[in-house]
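# Structural description and commentary
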Amino acid sequence: MTEDDYNKKRFLSQRQAEHNSARPTPAESAATTQSDATESTEPSEVNVDAAEEAFYELFWEISRTSFEDYLKDHPDTLKNGWEGIYINEAGLYKNGTSIYTQQGEQVLAIDVPNKLLLVRVSGTGYLGVLAIGKDPAQLRCEASAGIGSYGQTLGEIVNNSGGVIGMTASGFYDPDGNGSGGILAGYAMCEGKPYGYHYGDTGYKRIELATDNHFYICNSNTETTPDTTDAVEFSPALIIDGELMVGGFYDWNGINPRAAIGQSEYGEILMLIIEGRQVGRSIGTDTETCAKILMKHKGYTAMNLDGGTSAVMYYHGEYVTRCSNRAIDSRLLPNAWVYGNYDE
């Protein structure tokens with residue numbers, strides 16, 4: 001990476017930090033709620049109100065009306081308080097919840113302890129899951145145990161790393177569709193350790209996660225910066241600086257299973273899987289549609305990842321999206337993006 005690219009990266013970090021600072025944190029929101037609350041003879045009521053408002057501040061996407069209706073039908077949801085809410089109806093054989101986002105999506109899971117929200121995304125011909133991780137410090141790229149020679153299923157990689165949720169990351173050498181998932185296509189960095197070789201082809205990009213917990217997109221034929229901790233190379237970039245970067249690209253207009261990862265303008269991690277090649281359920285979609293889904297959630301930076309049969313998502317011990325090959329849950333993969341339970 002040139003000095004100009006490096007300086008631009010630092011500028012973007014400062015700019016994004018300034019943008020994030022305009023939105024109060026849940027703690028700030030809770031403090032404001034407490035200080036503005038009318039004095040009560042029951043102090044616990046003030047604390048409950050503060051925790052409730054902090055919840056809605058953190059999960060700003062949730063339709064408050066639909067969640068209040070859900071609580072009336074499921075009062076046990078609050079048995080561990082607002083900070084302990086855990087709802088999981090995201091499994092393949094579950095129907096989701098009656099909660100909706102302001103964007104009109106069905107909520108599949110609300111995991112306050114892990115600061116995670118899973119929603120159903122759908123449109124003409126496609127079905128998928130968008131996972132939103134509120135704490136970017138909990139993301140990393142995890143290598144399979146046999147990277148370089150053999151891969152592992154997504155579930156194995158997530159479980160071995162102690163993560164909460166994971167999705168596909170790098171592509172891999174796959175002759176006639178029979179690759180072992182071990183030999184990377186392009187370059188990756190997993191928790192500071194480099195693997196593979198940079199794509200030299202024009203148009204390939206690299207998404208880098210830096211020590212400031214922000215994503216940056218660079219050309220694949222440049223070197224990673226010293227503050228990069230995790231990285232994956234693929235193509236194309238979907239969103240840069242909040243601007244849509246795809247549309248009209250012939251090579252990426254096909255209807256296929258898709259995978260994409262990015263970050264919102266609030267710093268949230270956006271993990272998207274679109275199922276495909278399943279008549280009657282989900283055929284798939286193009287990269288532009290993926291980008292627009294992420295932009296509905298304030299997407300600021302995002303990149304397309306290896307899709308096809310590799311495009312799967314795994315959450316809390318089960319797959320929450322169907323692999324396009326119905327005979328398996330997951331292909332053998334060289335690495336995976338994993339979120340949650342990360343102790344650096």
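Just so it is clear, the model here is predicted, and its values are computed rather than measured. In this convention, every chain numbers its residues from 1, walking through the sequence in written order. Under the rules for a predicted model, residues below a pLDDT of 70 receive no local features and side-chain atom pairs below 80 are neither given nor counted, while totals for whole chains, interfaces and linings still include all residues. Each side-chain value is derived from all of the structure's non-hydrogen atoms; neither hydrogens nor water enter the calculation.

Between any two strands, pairing holds if DSSP finds at least two bridges. Under the scheme used here, helices are H or I runs from DSSP no shorter than 4 residues and strands are E runs no shorter than 2 residues, and both carry numbers assigned from the N terminus. Pairing is antiparallel in the open sheet, where 5 strands are placed in the order 5-21-6-19-20. Two strands bound the open sheet, and with one partner strand each, they are strand 5 (139–143) and strand 20 (318–319). Of the pairings in the sheet, the one linking strand 6 (residues 165–168) to strand 19 (residues 313–315) comprises 3 bridges and is antiparallel in character. Bridge pairing links I165 to Y315 in strand 19. Strands strand 5, strand 6, strand 19, strand 20 and strand 21 (335–339) of the sheet are contacted by helix 5 (residues 154–161), whose axis makes an angle of about 50° with strand 21. Note on definitions: a residue-residue contact is assigned when non-hydrogen atoms from the two residues lie within 4.5 Å. Orientation is described by lines fitted to C-alpha atoms, with helices fitted over the stretch in contact, and by angles between N-to-C directions that extend from 0 to 180 degrees.

The next point concerns the pattern of salt bridges. Salt bridge, as applied in this entry: a Lys or Arg side-chain nitrogen positioned within 4 Å of an Asp or Glu carboxyl oxygen. Under the criterion given, the structure shown has 13 salt bridges. A salt bridge links R64 to E68; the shortest N-O distance between them is 3.5 Å. In this pair, R64 and E68 are both assigned in helix 4 (residues 64–73), 4 residues apart and thus about one turn of the helix distant. Categorising residues by exposure relies on relative accessible area from a 1.4 Å probe, with only protein chains included: less than 20% of the type maximum marks a residue as buried, more than 50% marks it as exposed, and the intermediate range marks it as partly exposed. A relative accessible area of 31% places R64 in the partly exposed class. What makes E68 partly exposed here is its relative accessible area of 34%. Residues R206 and E233 are paired through a salt bridge, measuring 3.0 Å at the closest nitrogen-oxygen approach.

One broad rule of soluble globular proteins: the nonpolar side chains tend to lie buried together. L118, I165, I261, M271, Y315 and W337 are the most contacted members of the largest nonpolar core, which has 36 residues in total. With 3 residues, the top contributor of residues to this core is strand 17 (residues 269–274). Setting aside anything within four residues of it in sequence, one finds I261 in contact with L139, M167, I207, F215, L270, M271, T301, A302, M303, L305 and W337. Here the nonpolar core consists of buried residues drawn from Ala, Val, Leu, Ile, Met, Phe, Trp, Tyr and Cys, with membership extended through side-chain atoms lying within 4.5 Å. With 34 residues, the next largest nonpolar core counts A51, V107, V121 and A260 among its residues.

Within the secondary structure layout, Q152 lies in the loop between strand 5 and helix 5. Here a polar contact is taken to be a pair of N or O atoms separated by no more than 3.5 Å, where protein atoms must pair a possible hydrogen donor with a possible acceptor and residues adjacent in sequence count only if both atoms sit in side chains. Of note is the side chain of Q152, whose polar atom sits 2.8 Å from the backbone nitrogen of A145. With residues near it in sequence (within four places) discarded, Q152 still touches S144, A145, I157, N160, R331, L332 and L333.

Within the span of helix 6 (residues 287–296), buried status applies to T287, C290, A291, I293 and L294. Across the axial projection of helix 6, the buried residues extend over an arc of 155°, all falling on one side. Immediately beyond the C-terminal end of helix 6, within one or two residues, lies K298, with a positive phi of roughly 65°. Directions from the helix axis toward the C-beta atoms define the arc.

With that settled, the discussion passes to the packing of aromatic side chains. Two aromatic rings from Phe, Tyr or Trp, using only the six-membered ring of Trp, form a pair when their centres are within 6.5 Å; if the ring planes differ by under 30 degrees the pair is stacked, by over 60 it is edge-to-face, and anything between is tilted. Enumeration over the complete set of coordinates arrives at 14 aromatic pairs. Seen in terms of ring centroids, F55 and Y56 are 5.2 Å apart; in terms of plane orientation they differ by 80°. Their pairing is edge-to-face. Pair check on accessibility: F55 and Y56 agree, each one buried. Relative to W82, the ring of F55 lies with its centre 5.3 Å away and its plane at 50°, an arrangement referred to as tilted. With F55 in helix 3 (residues 43–58) and W82 in the loop between helix 4 and strand 1 (86–88), this pair connects stretches of sequence that are 27 residues apart. Here F55 and W82 have matching classes, each one buried.

Within strand 13 (residues 228–234), 6 of the 7 residues are buried, leaving the element largely enclosed by the surrounding structure. With 2 bridges connecting them, strand 9 (residues 187–190) and strand 13 associate as antiparallel partners. Among the inter-strand pairings, A188 is bridged to a residue of strand 13, identified as V232. Where strand 11 (residues 205–210) and strand 13 come together, 6 bridges link them in antiparallel fashion. Bridge assignment links L209 to a residue of strand 13, and that residue is D230.

On the secondary structure map, S310 appears in the loop between strand 18 (299–305) and strand 19. For S310, a relative accessible area of 3% translates into the label buried.

Let us look at helix 5. Of the positions making up helix 5, those classed as buried are L154, G155, I157, V158 and S161. An end-on view of helix 5 places all buried positions within 165° of arc, on one side of the element. Elements in contact with the buried residues of helix 5: strand 5, strand 6, strand 19, strand 20 and strand 21. Looking at the residues trailing helix 5, positive phi occurs at G162, about 75°.

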